Amino acid sequence: MTLSVVIPLYNEEENVRLLHESLRNALDPLNQEYELLFVDDGSTDRTLPILEEIQAQDNKVVVLSLRRNFGQTAAFAAGFDF
């Protein structure tokens, strides 16, 4: 893997599809091997189900789900540890 992009999310159901599309549009032309590691930080909206749908359609997407909201620093740490 050349590049791993770690993205913590909390209650971003309105934005997550657009974010995914924007990241793919920026990274695909680089012709590098990469992954998009989305960390759901205990969202209470539909962020996680939407991420799971995206993951099912895109093999470059990895989804981690934290059981509750731990905050951005902890979400980044979980992504980096993964």
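Residues numbered from 1 in each chain as written. Predicted model: local features only at pLDDT ≥ 70, side-chain atom pairs only at ≥ 80, totals over all residues. Heavy atoms only, no water.

A. View of helix H2 (residues 47-57). Thr47, Ile50, Leu51 and Ile54 are the residues of H2 that are buried. With its buried residues spanning 100° around the axis, H2 presents them on a single face. Among the structural elements, strand E1 (3-9), helix H1 (16-27), strand E2 (34-41) and strand E3 (61-66) are those in contact with the buried residues of H2. (Buried < 20%, exposed > 50% of the residue type's maximum accessible area, 1.4 Å probe, protein only. Helix = DSSP H or I, 4+ residues; strand = E, 2+ residues; numbered from the N terminus. Arc of directions from axis to C-beta. Contact = heavy atoms within 4.5 Å.)

B. Inspection of the nonpolar core at higher detail. Formed by 14 residues in total, the largest nonpolar core has its most connected members in Ile7, Leu9, Val16, Leu36, Phe38, Leu51 and Val61. Non-local contacts of Ile7, meaning those with residues more than four positions away in its chain, are made with Leu19, Leu23, Leu37, Phe38 and Val39. One finds Val6, Leu37, Val62 and Leu64 within the second-largest nonpolar core, a separate group that totals seven residues. (Core = buried A, V, L, I, M, F, W, Y, C linked by side-chain atoms within 4.5 Å.)

C. Looking closely at the sheet that holds E2. Reading across from one edge, E1-E2-E3 is the order of the three strands in this open sheet, with parallel pairing throughout. Of all strands in the sheet, those bounded by a partner on one side alone are E1 and E3. Each strand axis lies, on average, 20° off the axis of its neighbour in the sheet, ignoring direction. Two elements, E1 and E2, share seven bridges in a ladder whose sense is parallel. Its bridge partner being in E2, Ile7 is matched across the sheet by Phe38. Across the sheet, H1 touches E1, E2 and E3, and the angle it forms with E2 is around 160°. Sheet contacts for H2: E1, E2 and E3; angle to E3, the most-contacted strand, approximately 155°. (Pairing = 2+ DSSP bridges. Axes fitted to C-alpha atoms, helices over the stretch in contact; angles between N-to-C directions.)

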